[in-house]
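Single-letter residue listing:
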2 protein chains.
Amino acid sequence: MSFFPAPLENLVEKFASLPGIGTKSAQRLAFHILSLTDEEALDFAEAVAQAKKSVHCCRICQNLTDKDVCSVCASPSREKGTVCVVADPKDVAAMERAGEYNGVYHVLHGVISPLSHVGPDDIRIRELMDRVAAGGVEEVIMATNPDTEGETTAKYISRLLRPFGVRVTRLAYGIPVGASLEFADDATLMRALQGRQEI
Amino acid sequence: MSFFPAPLENLVEKFASLPGIGTKSAQRLAFHILSLTDEEALDFAEAVAQAKKSVHCCRICQNLTDKDVCSVCASPSREKGTVCVVADPKDVAAMERAGEYNGVYHVLHGVISPLSHVGPDDIRIRELMDRVAAGGVEEVIMATNPDTEGETTAKYISRLLRPFGVRVTRLAYGIPVGASLEFADDATLMRALQGRQEI
């Protein structure tokens, strides 16, 4: 039973439907909206509607964009021959923040996960194949997460890519910068040893 | 620097401006909005706009409502002679949940707090005085929080009410139901002892 007026209760429910927001937090957020000026509240509503309306996937790399082609794909200074394959648009943001990479991306929007009923046809693998088949791609860098599902997806895609004769690589495993050997897990240490490099 | 399209970045900023939501959470919420159907996202935007537009204060008790007079004030079964004074609309919800109270409310929308520059004229004390002056009120129950500011506000209002000759009471202090004496603080124990009742 609700003790708030219906439109407020509705807003509380909407906030509570967001991930990680419980009823108490949702109430606090809804009351915060009421405390805004009319203009600020309408701005908020407009931001929600506008983001959903204008953001879609880049025609080429499937990353999120509000244009036909995303800013990375549209940039003349990026090397179009190198494609970094990531699971999620947030991973593109992480790579861009690092500032080291000058190629382009391909966003899968998920990883193959039989337990969650996500098969190869449910993520954007076909689009990647079409891109490679169209030519011009020299190297595909697999940058899915280093967990079972990310690994499986990377292996699966690299097998599909074999007939095209492009170079397929994987982000290096190893000790994170700033971490201590003492607390590194066995699997990471083993991979770091296998991937050791000349200094 | 942002690596998301502008409308998405704008939505992330809007979420991050809400209380208790950091940048990472704001990103997660914004991506959740993108994952909704068009209809669900528009519903969300509409809920924000609608709550702000249609929710205002009840003409009589200052509680939040989307009508001219709130459901409590409009109910013929509530005793209009008993007014429970609370600081916040959430306190009305808490009292209603308890289900014991059958009078009406007055919401102050704050407490007197010199440190935060909130004086008696900044909260709805005048409206309460007008209500009592208009007659028909027999008892005013002070139900502000049992902290310094809540106490000060209750004391201040009870002094203002003295000339009207209405009964002014205060919610009982004591041991919370289910708590243990061992962990009760001194002030609460002292108040519980002072307020002891015949059984």
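Below, the structure is looked at part by part. (Residues numbered from 1 in each chain as written. Chains lettered and ligands numbered in written order. Predicted model: local features only at pLDDT ≥ 70, side-chain atom pairs only at ≥ 80, totals over all residues. Heavy atoms only, no water.)

### Points about the sheet that holds strand 4 (residues 103-107) of chain B
Where strands meet in a sheet, backbone hydrogen bonds hold them as pairs that are either parallel or antiparallel.
Residues and elements named next belong to chain B.
Inference 1: Ordered by their spatial adjacency, four strands build an open sheet running 4-3-5-6, and the pairing between neighbours is parallel. For this open sheet the edge positions go to strand 4 and strand 6 (167-170), each flanked by a neighbour on one side alone. Taken over all neighbouring pairs, the strand axes of this sheet differ in orientation by 25° on average, direction set aside.
Inference 2: By the bridge criterion, four bridges tie strand 5 (residues 139-142) to strand 6 in an arrangement that is parallel. (Pairing = 2+ DSSP bridges. Helix = DSSP H or I, 4+ residues; strand = E, 2+ residues; numbered from the N terminus. Axes fitted to C-alpha atoms, helices over the stretch in contact; angles between N-to-C directions.)

### What to know about the packing of aromatic side chains
Inference 1: Across all of its chains, the model carries six aromatic pairs over all chains by this definition.
Inference 2: A ring pair is formed by A:Phe4 and A:Phe31, whose centres lie 5.4 Å apart and whose planes are at 75°; its orientation type is edge-to-face. Residue A:Phe4 is located in the segment before helix 1 (6-16), and its partner A:Phe31 is located in helix 2 (residues 23-35); the two are separated by 27 residues in the primary sequence. Like A:Phe4, the residue A:Phe31 is buried in the burial classification.
Inference 3: Just above the ring of A:Phe31 sits the side chain of B:Lys90; from NZ or CZ to the centre is 4.8 Å.
Inference 4: Of note, B:Arg191 hangs over the ring of B:Tyr173, and the distance from its end group to the ring centre comes to 4.2 Å. (Phe/Tyr/Trp six-rings, centres within 6.5 Å; stacked < 30°, edge-to-face > 60°. Buried < 20%, exposed > 50% of the residue type's maximum accessible area, 1.4 Å probe, protein only. Lys NZ or Arg CZ within 6 Å of the ring centre and 35° of its normal.)

### Observations concerning the sheet that holds strand 3 (residues 79-86) of chain A
All names here are of chain A.
Inference 1: Taken in spatial order, the four strands make up an open sheet running 4-3-5-6, and their pairing is parallel. The open sheet is flanked by strand 4 (103-107) and strand 6 (167-170), the only strands paired with a single partner. Across the sheet, the mean angle separating the axes of adjacent strands is 25° when strand polarity is ignored.
Inference 2: Summarising the sheet, strand 3 and strand 4 pair through five bridges and their orientation is parallel.

### A look at helix 6 (residues 125-133) of chain B
Residue and element names in this part refer to chain B.
Inference 1: Buried within helix 6 are the following residues: Ile-125, Leu-128, Met-129, Arg-131 and Val-132. For helix 6, the angular spread of buried residues about the axis comes to 160°, placing them on one side. Along helix 6, the residues that are exposed and aim more than 90 degrees away from the buried face are Arg-126 and Ala-133.
Inference 2: One or two residues past the end of helix 6 sits Gly-135, with phi positive at roughly 90°. (Arc of directions from axis to C-beta.)

### So, a nonpolar patch on the surface
All names here are of chain A.
Inference 1: The grouping of Ile-175, Leu-181 and Leu-189 at the surface amounts to a nonpolar patch, some 240 Å² of accessible area in total.
Inference 2: Position of Leu-181 relative to the elements: it lies in the loop between strand 6 and helix 8 (186-194).
Inference 3: When its relative accessible area of 57% is taken as the criterion, Leu-181 is described as exposed. (Patch = residues over 30% accessible without salt bridge, like charges linked within 9 Å, V, L, I, M, F, W, Y side chains within 5 Å. Areas by Shrake-Rupley, 256 points an atom, 1.4 Å probe, with all protein chains shown as cover. Salt bridge = Lys/Arg side-chain N within 4 Å of Asp/Glu carboxyl O.)

By themselves, these figures tell us nothing about what the structure is for.
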